[in-house]
Amino acid sequence: MSAMSVDDLCVVQFAVDRCWYRGVICKINGSSAGVRYLDFGVDFGNVETVNESAMHHFDKKFLSLPRQAIPCKLHGVESSQPDGSWPKAAAANMQKFSGKALCVQLHAEGSGVLDVDLFDTSGEGDVSVVQVLVAASLAQLSTVSQPSAPGRAAATSDVATAPVADQAITRPHRNIFPVVKLDNDGGQFEVIVTHTDTPSSFYIQSGRNADILSSCDLLNELFEALDSSEPVDGYCPILGEICCARFSEDQSWYRAVIDSVSADHRHVDMTFVDYGNAQLDVSVLETRPLPEQFSQKPILALKCALFGVCPSQVARDWSSEAVEYMRTQTPLSVKFLAEKIGETDQRTMLVNLCSASGDDVSLSQLLIEAGHGTASAGR
């Protein structure tokens, strides 16, 4: 065979399966007479050293097929080694994902190398390759960046022509969850107050909607099954995702939306979407992927603001005493009759609350009489 040079294209026989593949010569070792050694990696990316007898010149007709292997690097991650070199264990962990159709989130492209996040979506939950490496202390994040919901890539063989598709992966996100809106029909409906931030921002659950009642039964079945479940290897929910999480106070499982993720991807801040309360610095081991069928169930907690009352302070902020007073008036054991007056924004209802026991005094009026608020006709 005639002489070949670095960067020449050739066909190479792979020693493992004895099949022929396209390759590019990366290096020639002339230390052994009559034998050329080369590294190839056009369509699969792997590197092998082969004998001259296992390679041949490239027929130009095979150039019509685009290059199938695309050089990539993981986004926002670097080696945890002090000298910056990657340990062999990192490559071994990456090899676990070899041959799988992964979801690719493309961040940037430079010098022919794609900057990507990779997700294994073959199991019940999506597993981030970056998070697997970080959790194993084989890598560390180089930037405090959170991946948004990535697109689902085509199968591995299609990556060259379509590295990122438009379809969203099946991570439930706060923006796709159904939100029950109660009609402004002037009627009253029975509710409980599940959490209070302020009298202008609190959450209620209503048994008025049949969809909500059926959601409770189905979710209870899910959470009972999670009591005996093990953490999903490599799983860490992403920013904005709704997952299952264990509440520290009662050790029970609930649906939660992720508000932030720590730099090391080991802890998250969250809000329980069916109640409205938040929990901070939760280990990802206390989270589980939410099965897709439960992403179609409405959020049970409805955000509200009290009608007819505003803060009495000059600064127009609710005092801690006002917040505590409202919380003491609204334990979970007490039911209220709610009347929807309107909406302050797309996700917040303006309501009037009175005790369901027959007392017509509104919660707004109680706040005013206790000196924690001022009457407001506009809201």
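Above this text sits the structure in question.
Residues numbered from 1 in each chain as written. Predicted model: local features only at pLDDT ≥ 70, side-chain atom pairs only at ≥ 80, totals over all residues. Heavy atoms only, no water.

A. Representation of the overall build of the protein chain. Each helix and strand counted, the protein chain has 5 helices and 21 strands in total. Within the structure as shown, the protein chain displays about 19500 Å² of accessible surface, and the carbon and sulfur contribution to it stands at 51%. (Helix = DSSP H or I, 4+ residues; strand = E, 2+ residues; numbered from the N terminus. Areas by Shrake-Rupley, 256 points an atom, 1.4 Å probe, with all protein chains shown as cover.)

B. Region of the structure containing the packing of aromatic side chains. For the coordinates displayed, the defined rule picks out 4 aromatic pairs. When the centroid spacing of 5.4 Å and the interplanar angle of 75° are considered together, the rings of Phe 247 and Phe 272 count as edge-to-face. With Phe 247 in the loop between strand 12 (242-246) and strand 13 (253-261) and Phe 272 in strand 14 (residues 267-272), the pair connects residues that are 25 residues apart, well separated along the chain. Taken individually, Phe 247 and Phe 272 each receive the classification buried, so the pair is uniform in this respect. Both rings, one in Tyr 254 and one in Phe 272, keep their centres 5.9 Å apart while their planes meet at 80°; by these two values the pair is edge-to-face. One end of the pair, Tyr 254, is in strand 13; the other, Phe 272, is in strand 14, and 18 residues separate them in sequence. This pair shows no difference in class: Tyr 254 is buried, exactly as Phe 272 is. Taken together, the aromatic side chains of Phe 247, Tyr 254, Phe 272 and Tyr 275 make up a single cluster linked through ring pairs. (Phe/Tyr/Trp six-rings, centres within 6.5 Å; stacked < 30°, edge-to-face > 60°. Buried < 20%, exposed > 50% of the residue type's maximum accessible area, 1.4 Å probe, protein only.)

C. Region of interest: the environment of Asp 227. Of note, Asp 227 is situated in the loop between helix 3 (210-226) and strand 12. Linking Asp 227 and Arg 246, residues 19 residues apart in sequence, is a C-alpha distance of 9.2 Å. Those residues in contact with Asp 227 that lie beyond four places of it in its chain are Gln 251 and Trp 253. (Contact = heavy atoms within 4.5 Å.)

D. Representation of the sheet that holds strand 17 (residues 302-306) in the model. Here we have 5 strands rolled up into a closed barrel, ordered 10-11-17-20-19, and mixed in their pairing. Between one strand axis and the next, the sheet turns by 50° as a mean value, whatever way the strands run. Note that strand 10 (residues 188-198) and strand 11 (residues 201-206) share 6 bridges and pair antiparallel. Paired with Thr 198 across the two strands is Ser 201, which belongs to strand 11. (Pairing = 2+ DSSP bridges. Axes fitted to C-alpha atoms, helices over the stretch in contact; angles between N-to-C directions.)

E. Quick look at the pairing of strand 1 (residues 9-13). Across the 5 residues that make up strand 1, a large majority, 4, are buried. Relative to strand 2 (residues 20-24), strand 1 runs antiparallel, the two being bridged by 5 bridges. Of the residues in strand 2, the one forming a bridge with Leu 9 is Val 24. Taken together, strand 1 and the strand that follows it, strand 2, pair antiparallel across an intervening segment of 6 residues, in which Arg 18 is found at a positive phi of about 60°.

F. Inspection of the nonpolar core at higher detail. Counting residues in each nonpolar core, the largest one holds 21 residues, and the members touching the most others are Val 191, Phe 202, Ile 204, Leu 306 and Leu 353. Where this core is concerned, the elements lending two or more residues are strand 10, strand 11, strand 17, helix 4 (320-329), strand 19 (336-345), strand 20 (348-355) and helix 5 (363-369). If you tally residues by element for this core, the top one is helix 4, at 4 residues. Beyond its immediate sequence surroundings of up to four residues, Ile 204 is in contact with Phe 189, Val 191, Ile 192, Val 193, Thr 194, Leu 300, Ala 301, Leu 302, Cys 304 and Met 349. Counting 17 residues, the second largest nonpolar core, distinct from the first, contains Val 77, Leu 102, Leu 114 and Val 130. (Core = buried A, V, L, I, M, F, W, Y, C linked by side-chain atoms within 4.5 Å.)

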